[in-house]
Amino acid sequence: MAASELYSRYARVWLPDAAEVWRSAELIKDYTAGDLTLALQLEDGTEVEYKIDPRTNNLPPLRNPNILVGENDLTSLSYLHEPAVLHNLKVRFIDSKLIYTYCGIVLVAINPYESLPIYEADIINAYSGQNMGDMDPHIFAVAEEAYKQMARDERNQSIIVSGESGAGKTVSAKFAMRYFATVSSSGDTSVEDRVLASSPIMEALGNAKTTRNDNSSRFGKYIEIGFDKKHCIIGANMRTYLLEKSRVVFQAHGERNYHIFYQLCASSHLPEFKAFKLGCADDFHCINQGQSPVIDGVDDAKEMRSTRKAFSLLGISESDQMEIYQIMASILHLSNVEIKDQSTDRSSISPDNVHLMVFCELMGVPCEEMAHWLCHRTLKTTTETYVKSFSKVNAVNGRDALAKHIYAKLFSVIVGSINSALKTGAKQHSFIGVLDIYGFETFDVNSFEQFCINYANEKLQQQFNLHVFKLEQEEYMKEEISWTLIDFYDNQPCIDLIEAKLGVLDLLDEECKMPKGSDDTWAQKLYNTLLKQNVHFDKPRLSNRAFIIHHFADKVEYQCEGFLEKNKDTVNEEQINVLKKSQFDLLLKLFEEDEKAKGSTNKRTGVTGRAGPSHKDNKKTVGLQFRQSLHLLMDTLNATSPHYVRCIKPNDDKSPFTLDPVRAVQQLRACGVLETIRISATGFPSRWTYQEFFRRYRVLMKQKDVLNDIKQTCKNLLEKLVKDQDKYQFGKNKIFFRAGQVAYLEKLRSDKLRMACVSIQKTIRCWLARKKYLRMKGSAITIQRYVRGHQARCYVQGLRRTRAAIVIQRNVRMWVNRRHYQQQRLAAITIQCFLRAYMARKQYYKLMFEQKAVVIQKWVKGWLARQRYKRTMASIVLLQSCVRRIQAKKELKKLKLEARSVEHFKKLNYGMENKIMQLQHKINDQQKENKELRERLSVVEKTQSIERERQSREIENLRRSEQKVRGQAETLPSLLEQLSFLQHELENTRREKEDLEEQTKVYKEQTQQVVEELNMKNSLLNSEKDELNTLFVEQAQKLTEITTNVENTKQMEKDLMEERSRYQGLLSEHLHLEEQNRDLKEKMDLSISSSKPGHKRTDSNYSSYSSEFSLSVGSTEGEDRSSQKEDETEATVDLPVLLKLQRRVKELEQEKQSLWQQLDKREEAKQEKAKEVEEQRTVGRTELDLETLKRQELESDNKKLKQDLNELRKSLTNENSESMPPDPGTRPYEVLMEQLTSSNEELEMRKEEVLLLRSHMVRQEALKHKDSLLGESVKLDLSEIPSFKDIDRSLDIHTLNEDGELWLAYEGLKETNTFLESQMQEMERVHSDKCQSLLEEVNKLKAEKEQQQKLLAQSLLLPEDARIDASLKHEIIRLTNDNLENMDRQEKQDKIIRKLKKQLKFYMKKVGDYEANTQQMTDAAAMNAPMRAVHITRKEKEYQGMLKYTEGEENRLLKNLVTDLKPRGVAVSLIPGLPAYIIFMCLRYADYVNNDRRVSNLLNSTISSIKGVIKRRAGDFEVVSFWLANSCRLLHCLKQYSGDEVFMTHNTAKQNEQCLSNFELSEYQQVFGDLAIQIYCQLIKSMENVMQPLIVASMLEHETIQGVLGSKPTGLRKRSTSYPEEEAVTVEVLLQRLGLFHTTMSQHGMDPDLIKQVVKQQFYIICAVTLNHLLLRKDMCSWSKGLQIRYNIWQLEEWLAERELSDCGAKETLEPLVQAAQLLQIKKKTEADAQAICSMCTALTTAQILKVLTLYTPVIEFEERVPTAFITTIKNILKDRGESAPLMMDGNKIFSVTLPFTPSTVALETIQVPASLNLSFLTRI
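Here the structure is a predicted model, which is why all the values come from computation and not from measurement. (Residues numbered from 1 in each chain as written. Predicted model: local features only at pLDDT ≥ 70, side-chain atom pairs only at ≥ 80, totals over all residues. Heavy atoms only, no water.)

A. Summary view of the overall build of the protein chain. Looking only at helices and strands, the protein chain has 53 helices and 25 strands in total. Taking all 1821 residues of the protein chain together, 41% fall into the buried category. Surface summary for the protein chain: the accessible area is close to 105,000 Å², and the carbon and sulfur share equals 54%. (Helix = DSSP H or I, 4+ residues; strand = E, 2+ residues; numbered from the N terminus. Buried < 20%, exposed > 50% of the residue type's maximum accessible area, 1.4 Å probe, protein only. Areas by Shrake-Rupley, 256 points an atom, 1.4 Å probe, with all protein chains shown as cover.)

Right, here's the structure in full:
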């Protein structure tokens, strides 16, 4: 392609600029070959000329089309060069607020200097399992790619994070490790927590504040995260590189020391740190030099707590931590040790130096010895050893060297401890390494640290170049295209300059071995050796103590000062020896490695027998150590698959989202991004699949060019458009383009579309002009027609007005006369009304006065009569009592005389029955008296009713008289009307005479009256207006109240839903913990079984979590659990797990014991109450109990006699006997009858003897307890005789007779009398209560009567309207009171009915048991009776809806019904919920036999079996759905047949009879509800796992509407769909899956309400996944994609409508996605558009709205990006929302589920057990 075609007018290019690096310009004139200048215009309108060198023809680089700007991958740009890369990064970073961008295989991360909501758990879940090109660039995408390759290729991976200080390396590495810990999480999260806990420790010890970064890592680290075969984290290992030790003793201005020192000072007030004697950070010299002790937004005390928590999490004990802090504190005190200068070569330390004393105290070393060696050193010769003093400068340097050495050793020990904590016993299968290392650095003064850093970057860059080159060549070979070897920059010469023999490091180590080696001599060696031999080495012009190395990124000048000292890293050995004498264990551990190295050196020397070099000479230099560790690192990286993250620091001011182009370009050059671009540009950077190319450039083809073979079609088009065959290559699956070819094709496509637009515009404008002409013509005709009509209407209107004026005049005159007449008539009627009212009131008052006088007389006379009657009755009662007392005294004397005679006592027993009969007669007499009283009461009620009737008749008479008065009053108006008529006639006559005189006056009065009326109407209208306004205000207030009520209701509902979801969340967590507990126990059981081959688990063992919900636990379970515990303690298991399990078991046992104690207490209380009631009932019934005893004995004897008689008869009638029975009338028969009679007489005699003996035993028992209260402990119910407190009576037993028999009889008689008296008193009490209630009712009727009379009197005084209102009000009050009374009465009756129902159930059960026993006895008798052949007709069996099973068959039942059951066969061929019905019918049988153990075992086993099936087959939607339906059905059966009236309303009579009778299982209802919720959550998870791969592919990626979407160019990170082309997932596939879910749930008989909740959850998942991917995929945010999403949503809504699920709330869950699609399509330019967007997007959060607008990307040239100002406007409008919602929707959210009660219509007695279930051991009853 010729340059003149590309550099034409309006083409845009990039020009170099000093400030902005590159500036955009536009050609204002076409370029032709040979031109020496280009005419350009900058973006600000300035015109410039660009000079072209004719020899090189250096044309400025072209700018990419706007459609390619902002791409995710820099390699997808058509023009690949530095300005294109810089501009793309700038657009993404500043305009789109995107910090990540791909550059081939490199992820470029720009530090935003601001917290972004893109690292939450939802983002991790969104990137998990996705291809690297499917989502927007992110550190999680790189981590996912590494994790996926490790799992797929079984190859170790590494992530190399590099960049300069402040670029965000540490944060990127931290997020990568967090991603691995999240996606590879196993059951035990402690490993992941320990891996993540290492980060805060290393940041505290190795990070510091610098001028470029507040949290700069001052060391490099490589973390290997180990994984097992299941790809779960099992541990980690860390390697560190080149810790910056000099920072321990020196910091530049504005910088800080390591964070740990400031954290210690901030926590010095804590008690455990008091011994360290720390203070403020400004008090210590080594941490106050930077004069910046505080970092904004960082609390050092809080960070110290985090550090200590991380130490504890890694298993480092508190004592070990305090030892570490102790050494840190000693370093602080050591830096404050003041060294005084005594002379030029002597120095000293004051013996009372406080900091030295504290240092020695903390280190445990002698203070004098340490002070001496801080100022002196030893010089060794071959013969002697000298002690030489230090100068002050050397002493200070020695002190600082010791501090640095201690800190470096401590740092190494802590790293080793962390590695030990992260190391596990599991075998490592693979690992992912994360390298966080410093990037290329260049400062004004570069020293040894920068040299090592740049050396490491040279090695990493070489490895990066080789890897990029390798991938590029592999891609070409895979596609089988012809290619030439790509030339790339090789930095091996620069590496050789540094590390080869006689290189920089080699010469440095050699100089360090020299006795008098110095930096200057080393510099001269460098000049002499390398200056002329290596082009990468150079010497500065003005310095002899520096050198220059040409690195791959830039040339760097290094100052030689300090190189030798830093490379040697020397420290005074005498000081180390002093520290080794300490008793401080950790301090001794720091120098163990030195001792080992020294020991090995001495050992080698001894073996050789020669005097080798000293230990000091054998010590490795820092450069050698770093080179060896770097080579080891490179070997590790070369053995892994690397992934690269290049961090860029956008500016030096730490300003958020601000990009400095100069600094950015420097880092892009240094980190190798531009090298990647250069390598890509030399090859074929743009790659298209044939399908994508055909879709994009179909517009460039004609219809005849389109063939069936897409590949051949694309080849023909390219050969036609691009003549140069080298500009593209055809691969197997892709087309490869050179740089710039895609831009050329885009230009052709844009021109083609522009021409098509011009043609369309031409046609449309013609059509619009014609439409406008026709519209104007029609408008002119219409205007003419309307004008003529208007003129005609005006003429007619004038005629009508004239006619109307005449009619108005006539009517006004008529109205004036009529109004005058009506005023006169109204005055007359008013006078008549007042007169008649006065007469009527006068008559009424007279009648009322007479009536009240009569009533007063009646009540007074009645009161006097009652008073006389009461006095008479009192006198009579008194007289009767006196007479009866006299008679009673006489009778008492007579009884005392009779009681002294023994004969009377003998007759007493015979006369006792007569006395009882007399008492019974007395009771009957009393009943008769009660009956008479009732009759009297009824008579009184009748008299009262007669009185009420009489009063009502009087009231009726009064009403009639009132009506008569009214009738008479009605005749009066007629007379008054006649009088008024005559007066009116007279007035008319008079008016006619004076008409002429009064005409003028009348006219004036009428006019004035009209004015007054108008004013009155105006005032009325104003008043009405005010009333309406007040009404409006009231309605507005009511509306606001209603609104607030509605809001409060919604808030309450929301709180309820939150509380329910919180409860369900806690329940799910609880169940999850139980499952973990169960898994751990199973593992322990397996380990126990493996260690004990003879041990087997029995079927009676239950899981621990199922037993938690049981009401009663069998003893076998307890024994099994105890044996299980013993087995577990004997086995070798993990100690923390065992302790947790033991603690949990103890808690469960304590809870069980407390529940048992509470149950026992309640039962004992109930028993005590029952005993007290029984004792109260049986008090005073001793004699009756004795009689009952006798009666029972007689009945038993009678039964025995009957049995003997029956046996005798059977023997007589037995056909199998040897001889036939005798016939009646024969001699043997008579003999047998005589024997029978004699036996009966003998039995009667024996009975009398038994009675006598029993009475004698009673007397003997009473005599034994004569000294105690009478009968207090005697058996045979004598204990119920009340105790007598009169001791004298108990002592007078012997005075009556010898054996006390008479006294017992007397006491029995007294008890009988007492009992009868109590009965009489009870009857009197009942009678008095009834009388009292009747009196209250009478008083109530009297009060009501008085109230009615008062109301009647008041109503007669009121006018008729007021009277009606008052009567209505009274009637309403009366009815309200009646209703309240009726409601109270109904409540009492309901309580009584419920109580009676319970009693009736109990008695029915008793009767049933009695009938069953009677039936059994009858059957037994019938079997022994003689049989005769009878024809028996078979009756149809009536089943009770129960299934009989033997105890112990629960496991067999549940194995066949739950564990081994296949849901598909049951759902298709049998009734829904059959397993639940079968289990419940078995439960009914267990309840029927009243066996609580069976009930608990069956229910607990059912729960355990269902949970086991769900756990084993958690991913099978059909199984989970089946058991969710059956669990809900079993729960509904427990409620429906519980006997609770709430659940029995829909039952049939038969179902009510089948309710559970013995056990109340409400707690198990809660357990099964929790189980259903757990299964529901598992159902949602399994459904989500099936739907997850389909949602994105169908809702976002697939083009249902073909031709609407346009593909865009892609780079090396080509996006791949979730499925291949031949298996493309459409919305129909998703709908088919949803339909399958719905059909499966319906077949399983799931409740419709529950199905609706599942569908709602499904649609929420669809919305959340689609929206989250939309927010993370820039290529999906376009207008056409919004149209596609709305079409897909419409299909989902149609699916809901087809299945009548529109009201389930699923549509509302799609609202955020609908609004996001509308947001993509709505206009986005003006402020009105912004207001419309804010009012429309109510379901989206502010972050989501801004994210969609920021990501909006045009797919075609006619679309425009969203301006930054518009996004700012949206942000300002939405800032008042005050929401803190995250960016992503919660994809794991599960709505709180409700389980509404759904009664079953299936009759249990009709259910049959199919033979296919193998449940033949169950029997229908």
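B. Structural detail: the sheet that holds strand β10 (residues 220–227). With respect to topology, seven strands assemble into an open sheet ordered β5-β6-β20-β7-β16-β10-β11, the strand pairing being mixed. Strand pairing shows two members of the sheet lacking a second neighbour, β5 (100–103) and β11 (233–241), which therefore form its edges. The sheet shows a mean angle of 20° between the axes of neighbouring strands, taken without regard to direction. Of the pairings in the sheet, the one linking strand β7 (residues 157–163) to strand β20 (residues 641–648) comprises six bridges and is parallel in character. When the bridges of β20 are listed, Ser 162 appears paired with Arg 646. Each of β7, β10, β11 and β16 (430–438) is contacted by helix α22 (residues 622–638), which is oriented at about 145° to β11, the strand it contacts most. (Pairing = 2+ DSSP bridges. Axes fitted to C-alpha atoms, helices over the stretch in contact; angles between N-to-C directions. Contact = heavy atoms within 4.5 Å.)

C. Fine view of a nonpolar patch on the surface. Taken together, the side chains of Ile 760, Ile 764, Trp 767 and Leu 768 define a hydrophobic patch exposed on the protein surface, amounting to about 420 Å² of accessible area. Considering the arrangement of structural elements, one finds Leu 768 in helix α27 (residues 741–900). (Patch = residues over 30% accessible without salt bridge, like charges linked within 9 Å, V, L, I, M, F, W, Y side chains within 5 Å. Salt bridge = Lys/Arg side-chain N within 4 Å of Asp/Glu carboxyl O.)

D. Examining the sheet that holds strand β3 (residues 37–42) more closely. As summarised here, the arrangement of the four strands in space is β1-β2-β3-β4, forming an open sheet in which the pairing is antiparallel. Bordering the open sheet on either side are β1 (12–17) and β4 (47–51), each of which pairs with just one other strand. Strand-to-strand twist across the sheet, computed as the mean angle between neighbouring axes with direction ignored, equals 50°. Packing of helix α2 (residues 82–95) onto the sheet brings it into contact with β1 and β2 (21–27), and relative to β2 it is tilted by some 100°.

E. Main features of a negative patch on the surface. Taken together, the side chains of Asp 1384, Glu 1387, Asp 1390, Asp 1540, Glu 1541, Glu 1560 and Glu 1563 define an acidic patch exposed on the protein surface. Here the negative patch gets three residues from one element, more than from any other, and that element is helix α38 (residues 1360–1424). Within the fold, Glu 1387 resides in helix α38. (Lys, Arg positive; Asp, Glu negative; His and termini not counted. Charge placed at Lys NZ, Arg CZ, Asp CG, Glu CD.)

F. Geometry of the packing of helix α42 (residues 1492–1512) against helix α43 (residues 1517–1536). Packing of α42 against α43 brings their axes to within 10 Å, and their N-to-C directions diverge by 160°. Relative to α43, the element α42 lies roughly antiparallel. The element α42 and its partner α43 pack so that their crossing is left-handed. On the side of α42, the interface is formed by Thr 1502, Ile 1506, Val 1509 and Ile 1510, while α43 contributes Val 1519, Val 1520, Trp 1523, Ser 1527 and Leu 1530. A per-class count over the contact of α42 with α43 returns seven nonpolar, two polar and no charged. (Parallel < 35°, antiparallel > 145°, perpendicular 65-115°, else oblique. Left-handed = near helix turned anticlockwise from the far one by under 90°. Nonpolar A, V, L, I, M, F, W, Y, C, P; charged D, E, K, R; others polar.)

G. Quick peek at the confidence of the model for the protein chain. Averaged over every residue, the pLDDT of the protein chain is 79; residues scoring 70 or more account for 79%. Across residues 1264–1299, where pLDDT falls below 50, the model places 43 contacts with residues more than four positions away in sequence or in other chains. A low-confidence stretch, residues 1421–1436 stays under pLDDT 50, and its non-local contacts, those more than four residues away or across chains, total two contacts. (pLDDT = per-residue confidence, 0-100.)

H. Here's a closer look at the packing of aromatic side chains. Applying the stated criterion across every chain, the model contains 39 aromatic pairs. Seen from their ring centres, Trp 688 and Tyr 697 are 5.7 Å apart, and the 50° between their planes marks the pair as tilted. A residue is classified by how much of its surface remains accessible, and Tyr 697, at 1% relative accessible area, is buried. Of the aromatic side chains, those joined through ring pairs into one cluster are Tyr 119, Tyr 127, Phe 140, Tyr 147, Phe 175, Tyr 179, Phe 180 and Phe 227. Its end group placed over the ring of Phe 657, Lys 97 keeps NZ or CZ at 5.4 Å from the ring centre. In this structure, Lys 1656 is placed above the aromatic ring of Phe 1791, and the distance from its NZ or CZ to the ring centre is 4.6 Å. (Phe/Tyr/Trp six-rings, centres within 6.5 Å; stacked < 30°, edge-to-face > 60°. Lys NZ or Arg CZ within 6 Å of the ring centre and 35° of its normal.)

I. Just the side chain of Glu 1584, in detail. You can see Glu 1584 is positioned in helix α45 (residues 1562–1597). At 8.3 Å, Lys 1581 is the nearest oppositely charged side chain to Glu 1584, a buried residue that forms no salt bridge. Those residues in contact with Glu 1584 that sit more than four places away from it in its chain are Ile 1661, Gly 1787 and Asn 1788.

J. Highlighting a positive patch on the surface. Together, Arg 885, Lys 889, Lys 890, Lys 893, Lys 896 and Arg 900 make up a positively charged patch on the protein surface. Taking relative accessible area as the criterion, Lys 890 reaches 59% and is therefore assigned exposed.

K. The arrangement of the pattern of salt bridges in detail. Evaluated as defined, the whole model comprises 36 salt bridges. For Asp 436, the salt bridge goes to Lys 221, with nearest N and O atoms at 3.0 Å. Of this pair, Asp 436 sits in strand β16 while Lys 221 is found in strand β10, placing the two residues 215 residues apart along the sequence. We note that Asp 436, like Lys 221, is buried. In this structure, Asp 1703 and Lys 1652 form a salt bridge, with 3.4 Å as the shortest nitrogen-oxygen distance. Of this pair, Asp 1703 sits in the loop between α48 (1679–1698) and α49 (1706–1709) while Lys 1652 is found in helix α47 (residues 1648–1671), placing the two residues 51 residues apart along the sequence. Overall, the relative accessible area of 23% leaves Lys 1652 in the partly exposed class. Connected through salt bridges with shared partners, the residues Glu 164, Lys 649, Asp 652 and Arg 663 form a single ionic network.

L. Structural view of the nonpolar core. Counting residues in hydrophobic clusters, the biggest one holds 327 residues, and the most contacted among them are Phe 180 and Phe 547. Ranked by residue count, the leading element in this core is α45, at 19 residues. Discounting chain neighbours no more than four positions away, the residues touching Phe 547 are Val 504, Trp 522, Leu 526, Tyr 527, Phe 537, Asp 538, Pro 540, Val 556, Glu 557, Tyr 558, Cys 560 and Phe 563. Of all hydrophobic cores here, the second largest spans 17 residues; its members include Trp 688, Met 701, Val 742 and Tyr 744. (Core = buried A, V, L, I, M, F, W, Y, C linked by side-chain atoms within 4.5 Å.)

M. Region of the structure containing helix α51 (residues 1727–1736). Those residues of α51 that sit buried are Asp 1729, Ala 1730, Ile 1733 and Cys 1734. For α51, the angular spread of buried residues about the axis comes to 135°, placing them on one side. The outward face of α51, more than 90 degrees from its buried face, is lined by the exposed residues Ala 1728 and Ser 1735. Structurally, α51 contributes buried residues whose contacts are with α50 (1711–1721), α52 (1742–1751) and α53 (1764–1774). (Arc of directions from axis to C-beta.)

N. How the structure looks around the packing of helix α12 (residues 392–422) against helix α18 (residues 573–580). In contact at an axis separation of 10 Å, α12 and α18 are set at 50° when each is read in the N-to-C sense. If you check the angle between α12 and α18, you find them oblique. For the element pair α12 and α18, the recorded crossing hand is right-handed. Listed contacts from α18 to Gly 398, Leu 402, His 405 and Ile 406 of α12 are Gln 575, Ile 576 and Leu 579.

O. Main features of the environment of Ala 840. Tracing the backbone shows Ala 840 in helix α27. Ala 840 gets classed as partly exposed once you look at its relative accessible area, which sits at 30%. With 126 residues separating them along the chain, Ala 840 and Arg 966 place their C-alpha atoms 8.1 Å apart.

P. Examining the pairing of β11 more closely. Burial of β11 is extensive: seven of the nine residues sit out of reach of the surface. Where β10 lies against β11, eight bridges are found, and the strand directions are antiparallel. Its bridge partner being in β11, Glu 224 is matched across the sheet by Asn 237. As consecutive antiparallel partners, β10 and β11 are separated by five residues, and within that stretch His 231 has a phi angle of approximately 65°, a positive value.

Q. Quick look at the environment of Glu 303. Residue placement: Glu 303 occurs in helix α8 (residues 300–313). Given a relative accessible area of 36%, Glu 303 falls into the partly exposed group. Each C-alpha atom, one on Glu 303 and one on Ala 266, is 9.6 Å from the other, the two residues being 37 residues apart in sequence. With near-sequence residues (within four places) excluded, Glu 303 lies in contact with Gln 263 and Val 298.

R. Examining the pairing of strand β14 (residues 376–380) more closely. Of the strand pairs in this sheet, β14 and strand β15 (residues 385–389) are connected by five bridges, and their pairing is antiparallel. Note that in β15 the partner of His 376 across the bridge is Ser 389.

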